[in-house]
Amino acid sequence: LASLVRELVKCEALEHLALCGNRIGDEGAGLVAGVLAQWKTLAVLDLRMNQIGDEGGKQIADVLGACKCLRHLGISGISG
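Residues numbered from 1 in each chain as written. Predicted model: local features only at pLDDT ≥ 70, side-chain atom pairs only at ≥ 80, totals over all residues. Heavy atoms only, no water.

1. Overview of the environment of Cys 69
1) Next: As for its position among the elements, Cys 69 is in the loop between helix H3 (54-63) and strand E3 (72-74).
2) Next: For Cys 69, a relative accessible area of 31% gives the class partly exposed.
3) Next: Remark: the alpha-carbon pair of Cys 69 and Gly 53, spanning 16 residues in sequence, is separated by 25 Å.
4) Next: Ignoring any residue separated from it by four or fewer positions in sequence, one finds Cys 69 in contact with Lys 40, Thr 41, Leu 42 and Ala 43. (Helix = DSSP H or I, 4+ residues; strand = E, 2+ residues; numbered from the N terminus. Buried < 20%, exposed > 50% of the residue type's maximum accessible area, 1.4 Å probe, protein only. Contact = heavy atoms within 4.5 Å.)

2. Overview of the sheet that holds E3
1) Next: Spatial strand order, E1-E2-E3: three strands in an open sheet with parallel pairing. The two strands at the open ends of the sheet, each matched to only one other strand, are strand E1 (16-18) and E3. Along the sheet, successive strands turn relative to each other by an average axial angle of 5°, direction set aside.
2) Next: Note: strand E2 (residues 44-46) against E3, three bridges, orientation parallel. The partner of Val 44 across the bridge, within E3, is His 72. (Pairing = 2+ DSSP bridges. Axes fitted to C-alpha atoms, helices over the stretch in contact; angles between N-to-C directions.)

3. Describing the side chain of Asp 46
1) Next: When you line up the elements, Asp 46 lands in strand E2.
2) Next: At a separation of 2.8 Å, a polar atom in the side chain of Asp 46 contacts the side chain of Arg 48.
3) Next: Ignoring sequence-local partners within four residues, the contact set of Asp 46 consists of Leu 17, Ala 18, Leu 19, Cys 20 and Gly 74. (Polar contact = N/O pair within 3.5 Å; in protein donor to acceptor, adjacent residues only side chain to side chain.)

Here it is as structure tokens:
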């Protein structure tokens, strides 16, 4: 996942990122959170069914304020 995130951050026009059902867990959520604010055009982030716990959820939540274009965050079934 780290390699994917490193490449995706180069996509300046990324609008929709679906990572649902990939078991990214807290570590993956942290990787996504680390670059989330850099995606200036991201409108949809789908993290459903990913076994993300409190730690990963907090990391995502902490950067949401910087995501001005984000209109939908899919988080159903994320509990790990």
